[in-house]
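Understanding the architecture of this molecule
Each chain, letter by letter, is given below.
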There are 2 protein chains.
Amino acid sequence: MASRAPGTSERYDAEELRAYARRTLERVGIDAELASPMADRLLDGDLLGHRSHGLWFLSTYLRRISDGHIRGSGEIEVVHASAASASWRAHRLPGAWVMDEATRLILKQITSEPVVTVTIADCSHIGCLQSFLLPFTDRGLLAILTATNPGVASVAAPGGSRPVITTNPIAMGIPTRSEPILVDQCTSVASNALFESYAERGERLPGQWLLDATGRPTDDPQVLRQDPPGTIQSLGQADFGYKGFGFGLMSEALSLALPGYGRRDNPDRHGQGVFLQVIDPGRFAGTDDYFDELDHLVGSIRADPGVGGEGVRLPGERALRSRAEQLADGIALHPDTPGRLRPWSDELGVPFPRPR
Amino acid sequence: MASRAPGTSERYDAEELRAYARRTLERVGIDAELASPMADRLLDGDLLGHRSHGLWFLSTYLRRISDGHIRGSGEIEVVHASAASASWRAHRLPGAWVMDEATRLILKQITSEPVVTVTIADCSHIGCLQSFLLPFTDRGLLAILTATNPGVASVAAPGGSRPVITTNPIAMGIPTRSEPILVDQCTSVASNALFESYAERGERLPGQWLLDATGRPTDDPQVLRQDPPGTIQSLGQADFGYKGFGFGLMSEALSLALPGYGRRDNPDRHGQGVFLQVIDPGRFAGTDDYFDELDHLVGSIRADPGVGGEGVRLPGERALRSRAEQLADGIALHPDTPGRLRPWSDELGVPFPRPR
């Protein structure tokens, strides 16, 4: 999951930001059809409150496109396909657009198939996983999404000290009759981005969430930059980190081995592998039973007043509240976003939107 | 995942134990066809080293059968079915047998479908999840298995103190060209069974793995027996327990909501819901690419000498070693197993096997 950073106090109009992102992407050579979902998904990052995966990332995309690491046009190679599945090789086409194509295919096929599964090899960064769940949960469909980067290694096996996988997130959209549950979490204690931001600021972590290169727990984010590097602890840390690593291996098998795009060829840091599966509850016990069970579960969770009166929280609840609030009041960008984009605005002749 | 208890020093012959389990199950009214997989899966629990889910559980099964909580014969109700899916309602038929039927169906359908998914509502206890993965990994297939019990609540939502779900395990069998990776882990710090065994022995836990009824961390297993009860911490505990709970919700949605057998009707403790999905890597990037990636990953993990020279460990490795060793040298039962079964041996006239 992306780290949450405080937003700017200034608010921006969502449609102006969307148009800005689209225009800059087109100016560096992305086809209009491909630029549109890229802009949409970056905006979703900000809307859902995952600001490090919002427009903050646009300048990274613009640089990668300019450097030839993201392709601006082309076709997806279909490796295998059936009515209920597809295995694609995306050759560095934009992740958000490839995911859009997968979403379209799945929404078509799920009308006749109970489960539809798509794997994607070597697309560019897809962004915030949560935003890809909504087209399915909006239609009462369950969605499982894992995606990871075989060019990054930052997590060691339990009992080890050498980075072998990365923070390998797993996401799942669980529709209910009201708001969906949107699980989106990495399988380590936190994401690479969070530790990079601590290291950048020269701060210590709130806890001993890392291991140094000899395997000792530490709160010093600089260990990730040393040679040999330290590693990020798996979810569960010393006592139960083998479980977090187990979930990480699940993500690795689904996102990399199944699409056939993993670590064996020592790839660079610019491609991702994806596993996306959608399940129609109507083809299992049935929609009524499914929603009745979910409503009951959500009701029992909400009935808990919470310790210290803060109430309990369901996955995705804060993100959806952030989206509703920002759609009404304007978008609060990551404080660094306008500054990161200024040189691109100048170079491409696309002025950055003014705050409201 | 089942807790690991030390085995007895005496060793038993696997075939004698299997025949014993089958005969006692048949004597209390289980059809021969159904008793056979029940005995096999209980034996698998011991073989794989999950002794609390081995023959230790046979006496529980015998009591539940006698009490009418497990049915000895009958048919599975098919709620929905397609070439790639089935949704079954098992009406308390033996979990191990229902899983055997699901395995047979999947192995047939996966020859023409890339992904086959079966959900099961209301079967009896299925036992050790890991043992159900092997028929698939042996054939180079990925298997995802979640199963849980809607009549047990022991885990609270993050920030809460009321038990709303249980320890909701998630398992995945990941085939490689050598031994498979067999992930099988609950989404809380540990299983209900572990805490029950500590409470039974009157011991404190090694860490503050529980919350008391007011939500305060504690190492006292007795809090789970109090009224109102304490709860088991989700994987990740104070800082990151929201992630463990997120995984728990995934298991809950797949194992209970999808099969339509959850908590809304306040069921007793004798039924389970199951989600079992099998994926053929040959229908995605292809078998060669899949295995090449997995072999590379496993190789890089094994290249880590481990901190303190203990080496690193892959999920399922210890279980498979335990199985190989016990198949060669005889089975080391949970120390309580012979004693738990003695009254049943007497009542049913089936003598318990002698140690080798």
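Our structure's up above, just so we're on the same page.
Note that the structure is predicted; figures quoted are calculated from it, not measured.

Once that is clear, we can look at helix α2 (residues 32-47) of chain A. Residues and elements named next belong to chain A. The end-to-end C-alpha separation of α2 is 22 Å, in line with the 22 Å expected for 16 residues at 1.5 Å each. With respect to burial, α2 is a largely interior element, 13 of its 16 residues being buried. Downstream of α2 by a residue or two, Gly49 has a phi angle that is positive, lying close to 85°.

What follows concerns the relation of the copies chain B and chain A. For these two chains of identical sequence, chain B goes onto chain A by a turn of 180° and a shift of 0.0 Å along the axis, with RMSD 0.0 Å. Both copies are brought into coincidence by an operation consistent with a two-fold rotation axis. Taking C-alpha positions as the reference, the residue of chain B nearest the rotation axis is Gly236 of chain B, at 2.3 Å. When the interface residues of chain B are mapped onto chain A, 100% of them again fall at the interface, so both copies present the same face.

On to the pattern of salt bridges, then. Per the stated rule, a full pass over the model turns up 42 salt bridges over all chains. Asp212 of chain A is paired through a salt bridge with Arg216 of chain A; the nearest N and O atoms lie 3.5 Å apart. By relative accessible area, which is 14% here, Asp212 of chain A ends up buried. Its salt-bridge partner being Arg264 of chain A, residue Glu293 of chain B comes within 2.6 Å of it at the nearest N-O pair. Within this pair, whereas Glu293 of chain B is found in helix α8 (residues 287-302), its partner Arg264 of chain A is found in the loop between α7 (237-257) and β12 (272-279), the two belonging to separate chains. Arg264 of chain A sits in the partly exposed class, given a relative accessible area of 25%. One continuous salt-bridge network, built from bridges that share partners, spans Arg177, Asp289, Asp292, Glu293 and Asp295 of chain A together with Arg264 of chain B.

Each pair of packed helices can be summarised by the angle the axes make with each other and by the distance between the axes. Residues and elements named next belong to chain B. Running from N to C, helix α4 (residues 95-109) and helix α5 (residues 129-137) cross one another at 20°; their axes reach a closest spacing of 11 Å. Accordingly, the angle class assigned to the pair α4 and α5 is roughly parallel. Viewed along their axes, α4 and α5 form a crossing whose handedness is right-handed. Taking contact as the criterion, the partners of Ala96, Met99, Thr103, Ile106 and Leu107 in α4 are, on α5, Phe132, Pro135 and Phe136. Of the residues contributing to the contact of α4 with α5, the split by class is seven nonpolar, one polar and no charged.

Okay, the interface of chain B and chain A next. Each partner contributes residues to the interface: chain B has 88 residues there, and chain A has 88 residues. Together chain B and chain A conceal approximately 6,900 Å² of surface at their shared face, both sides included; 68% is due to carbon and sulfur atoms. Ranking the residues of chain B by area buried against chain A places Arg264, Phe284 and Glu293 of chain B at the top, with a combined share of 11%. Where chain B touches chain A, the interface holds six salt bridges. Where Asp292 of chain A meets Arg264 of chain B, a salt bridge forms, and the shortest distance between an N and an O atom there is 3.4 Å.

Here we take up the sheet that holds strand β9 (residues 231-232) of chain B. Residues and elements named next belong to chain B. Overall, antiparallel pairing links the three strands, which are arranged β8-β7-β9 in an open sheet. Two strands close off the open sheet at either side, each with one partner strand: β8 (217-218) and β9. Of the strand pairs in this sheet, strand β7 (residues 210-211) and β9 are connected by two bridges, and their pairing is antiparallel. Paired with Leu210 across the strands is Ile232, a residue of β9.

This part takes up the packing of aromatic side chains. Here the distance between the centres and the angle between the planes together describe a pair of aromatic rings. What the rule picks out here adds up to 13 aromatic pairs over all chains. Measuring from centroid to centroid gives 5.7 Å for Tyr12 of chain B and Phe352 of chain B, while their planes differ by 75°, and the two rings are edge-to-face. One end of the pair, Tyr12 of chain B, is in the segment before α1 (14-27); the other, Phe352 of chain B, is in the segment after α10 (337-348), and 340 residues separate them in sequence. A relative accessible area of 3% means that Tyr12 of chain B is categorised as buried. Seen in terms of ring centroids, Phe57 of chain B and Tyr61 of chain B are 5.5 Å apart; in terms of plane orientation they differ by 65°. Their pairing is edge-to-face. By relative accessible area, Tyr61 of chain B is classed as buried at 4%. Pairwise contacts between aromatic rings join Tyr12, Tyr20 and Phe352 of chain A into one cluster. If you follow Arg340 of chain A out to its NZ or CZ, it ends over the ring of Trp56 of chain A, 3.6 Å from the centre. The ring of Tyr198 of chain B is capped by Arg201 of chain B, whose NZ or CZ atom sits 4.8 Å from the centre of that ring.

Moving on to the sheet that holds strand β2 (residues 85-89) of chain B. Spatially, seven strands are ordered β1-β2-β3-β10-β4-β5-β6 (chain B) in an open sheet, and the strand pairing comes out mixed. Looking along the sheet, the strands with just one partner apiece sit at the ends: β1 (77-82) and β6 (181-185) of chain B. Sheet twist, expressed as the average angle between the axes of neighbouring strands with direction ignored, equals 10°. Relative to strand β10 (residues 272-279) of chain B, strand β4 (residues 142-148) of chain B runs antiparallel, the two being bridged by seven bridges. What sits directly across from Leu145 of chain B, in β10 of chain B, is Leu276 of chain B. Running at roughly 50° to strand β5 (residues 170-174) of chain B, α7 of chain A makes contact with β4, β5, β6 and β10 of chain B of the sheet.

This part covers empty space enclosed by the protein. Enumeration over the complete set of coordinates arrives at four cavities of 30 Å³ or more. Of the voids in this model, the largest cavity is the one considered here, and its volume is about 210 Å³. Considering the residues around the largest cavity, the lining is formed by 20 residues, among which Ile144, Ile170 and Met250 of chain A together with Ile144 and Met250 of chain B are closest to the centre. Where the lining of the largest cavity is concerned, the elements lending two or more residues are β4 (142-148), β7 (170-174), α7 and β12 of chain A together with β4, β5, α7 (237-257) and β10 of chain B. In terms of residue class, the lining of the largest cavity is made up of 14 nonpolar, six polar and no charged.

Take the packing of helix α2 (residues 32-47) of chain B against α4 of chain B next. All names here are of chain B. Two elements in contact, α2 and α4, have axes whose closest approach is 7 Å; the angle formed by their N-to-C orientations is 100°. As far as their axial angle goes, α4 and α2 are roughly perpendicular. Each of Glu33, Leu34, Pro37, Met38 and Arg41 in α2 lies in contact with α4, whose residues at this interface are Ala96, Trp97, Asp100 and Glu101. Here the residues of the contact of α2 with α4 are counted per class, giving five nonpolar, no polar and four charged.

Tracing the sequence through the fold places Asp292 of chain B in helix α8. For Asp292 of chain B, a relative accessible area of 30% translates into the label partly exposed. A C-alpha to C-alpha distance of 42 Å links Asp292 of chain B and Ser197 of chain B, two positions 95 residues apart in sequence. Ignoring sequence-local partners within four residues, the contact set of Asp292 of chain B consists of Arg264 of chain A together with Arg177 of chain B. A polar contact of 3.4 Å, which involves the side chain of Asp292 of chain B, links it to the side chain of Arg264 of chain A.

Reading the values: rules and limits
- Throughout this description, residue numbers start from 1 for each chain and increase along the sequence as written.
- Chain labels run from A onward and ligand labels from 1 onward, assigned in the order the entries are written.
- Restriction of local features to residues with pLDDT of at least 70 applies here, the model being predicted, together with a cutoff of 80 or more for giving and counting side-chain atom pairs; totals for whole chains, interfaces and linings are based on all residues.
- Calculated side-chain values reflect all of the structure's heavy atoms, with hydrogen atoms and water omitted.
- Helix numbers and strand numbers start at the N terminus; a helix is a DSSP run of H or I with at least 4 residues, a strand a run of E with at least 2.
- The span expected for a helix works out to 1.5 Å for each residue beyond the first.
- Relative accessibility under 20% of the residue-type maximum defines a buried residue, over 50% an exposed one, and the middle range a partly exposed one, all with a 1.4 Å probe and only protein chains included.
- In superposing the copies, a least-squares fit is computed on C-alpha atoms, taking residues whose pLDDT is at least 70 in both.
- Contacts: residue pairs with any heavy atoms within 4.5 Å of one another.
- For this document, the term salt bridge refers to a Lys or Arg side-chain nitrogen within 4 Å of an Asp or Glu carboxyl oxygen.
- Axis definition: a line fit to C-alpha positions, over the contact stretch in the case of helices; interaxial angles, taken between N-to-C directions, run 0 to 180 degrees.
- Throughout this description, any angle smaller than 35 degrees is read as roughly parallel, any larger than 145 degrees as roughly antiparallel, any in the 65 to 115 degree range as roughly perpendicular, and the remainder as oblique.
- Here is the rule for handedness: rotate from the far helix to the near one, and if that takes an anticlockwise turn smaller than a right angle the crossing is left-handed, while a clockwise turn gives right-handed.
- Residues are grouped as follows: Ala, Val, Leu, Ile, Met, Phe, Trp, Tyr, Cys and Pro are nonpolar; Asp, Glu, Lys and Arg are charged; all remaining types, including Gly, are polar.
- The quantity reported as buried area is the accessible area (1.4 Å probe) lost by two parts once they are put together, taken as the sum for both.
- A pair of strands is considered paired only if DSSP assigns at least 2 bridges between the two.
- When two rings of Phe, Tyr or Trp (its six-membered ring) have centres within 6.5 Å they constitute a pair, described as stacked for plane angles under 30 degrees, edge-to-face for angles over 60, and tilted for the intermediate range.
- In our convention, an over-ring charge means Lys NZ or Arg CZ found within 6 Å of a ring centre and within 35 degrees of that ring's normal.
- Both site types are read off a 1 Å grid over the protein atoms alone. A 1.4 Å probe that fits but cannot get out defines a cavity, while an open set with protein on both sides within 12 Å along at least five of seven lines defines a pocket; lining residues have an atom within 4 Å of a point.
- Grid points are joined across faces, edges and corners, and a volume is the space filled by probe spheres set on the points.
- The definition of a polar contact used here is a pair of N or O atoms within 3.5 Å, where within protein one atom must be able to donate a hydrogen and the other to accept one, and adjacent residues in sequence count solely through side-chain atom pairs.

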